[in-house]
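# Summary of structural features
The lines below spell out each chain.
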Amino acid sequence: MKYLKKICLIGLLVSFSMYNFAQGDSLNTKSIKPLRFGVKVGVPNIITANAEYVTPLLNNRVAFSIDYMSLSKTIDDTEINFNNFEIGANIYFNKKGKGFYGGISYFSFDGEGTYTDIEFDDNTYGDGTGNIKFNTLNLKLGVKLGRVFFFRLEVGYGFGKIPEYILVTSNTNSQTTEEEIPEIPGIGNSGLPVFNFGVGFGLF
């Protein structure tokens with residue numbers, strides 16, 4: 001997680017610098033509410049907090065975006081912890097910082113599951129922990145509607161190597177077993193679809 005914290009810090013510094021730079025050009029930039037906070041729900045994000053800042057670049061068309069989620073849930077007696085992080089840029093088609101845009105981003109997913117009474121390769125049973133991690137490069141098309149209160153819709157595809165199995169290691173010894181990842185339409189070894197819906201507020 002150290003490199004993720006560094007990326008977040010760099011993103012915040014860039015956004016802060018752009019915000020200060022924008023003050024000199026401000027009436028037009030302020031009118032588009034360049035700093036936005038919201039929530040996205042969908043695939044692969046599940047549910048994430050989102051922040052976006054529209055910079056003065058290309059006449060207010062370039063925006064930096066950060067998404068983060070940390071979630072714990074129990075499914076079929078398996079406790080699962082999800083963490084995902086996404087950072088990227090959106091290029092709006094008009095100079096108002098809303099409407100249609102194209103996006104590119106780096107997405108990192110990290111999940112850990114705690115399994116109970118699972119059968120290991122030596123035919124013994126016990127509790128174990130399994131991890132799934134993958135990164136994708138996401139290309140998206142989106143639309144943002146509204147200024148102070150807005151809606152957002154994104155579709156696209158994430159390119160990257162997606163694991164087929166989760167390696168589960170016993171909590172009491174070194175025994176292991178593999179659990180198949182449930183088949184989800186559209187997800188393959190080389191990538192996964194991107195689809196999410198978001199709402200939020202524009203500030204400043």
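Residues numbered from 1 in each chain as written. Predicted model: local features only at pLDDT ≥ 70, side-chain atom pairs only at ≥ 80, totals over all residues. Heavy atoms only, no water.

### Description of the environment of Lys-98
- Relative to the elements of secondary structure, Lys-98 occurs in the loop between strand S4 (78-92) and strand S5 (99-119).
- Using a relative accessible area of 33% as the deciding quantity, one classes Lys-98 as partly exposed.
- Distance from Lys-98 to Ile-32, taken between C-alpha atoms, is 7.9 Å for residues 66 residues apart in sequence.
- In this structure Lys-98 touches Tyr-92, Lys-144 and Gly-146, once residues within four positions along its chain are discounted. (Helix = DSSP H or I, 4+ residues; strand = E, 2+ residues; numbered from the N terminus. Buried < 20%, exposed > 50% of the residue type's maximum accessible area, 1.4 Å probe, protein only. Contact = heavy atoms within 4.5 Å.)

### Concerning the pattern of salt bridges
- Enumeration over the complete set of coordinates arrives at six salt bridges.
- Of the charged contacts, one joins Asp-67 and Lys-40 as a salt bridge, the two residues approaching to 3.5 Å between their closest N and O atoms. Pair noted here: Asp-67 is in strand S3 (residues 62-75) and Lys-40 is in strand S1 (residues 35-43), with a separation of 27 residues, a long-range link. The two residues Asp-67 and Lys-40 agree in class, both being buried.
- The partner of Arg-152 in a salt bridge is Glu-52, with the nearest N and O atoms 2.9 Å apart. In this pair, Arg-152 sits in strand S7 (residues 149-159) while Glu-52 sits in strand S2 (residues 46-54), placing the two residues 100 residues apart along the sequence. For the pair Arg-152 and Glu-52, a shared accessibility class is recorded, and that class is buried. (Salt bridge = Lys/Arg side-chain N within 4 Å of Asp/Glu carboxyl O.)

### Things to note about the side chain of Asn-138
- Along the polypeptide, Asn-138 turns up in strand S6 (residues 125-145).
- Here Asn-138 falls in the buried class, since its relative accessible area comes to 1%.
- Polar side-chain contacts of Asn-138 include one of 3.4 Å to the side chain of Glu-86.
- Excluding residues that lie within four positions of it along the chain, Asn-138 makes contacts with Glu-86, Gly-103, Ile-104, Ser-105, Phe-107, Tyr-157, Gly-158 and Val-194. (Polar contact = N/O pair within 3.5 Å; in protein donor to acceptor, adjacent residues only side chain to side chain.)

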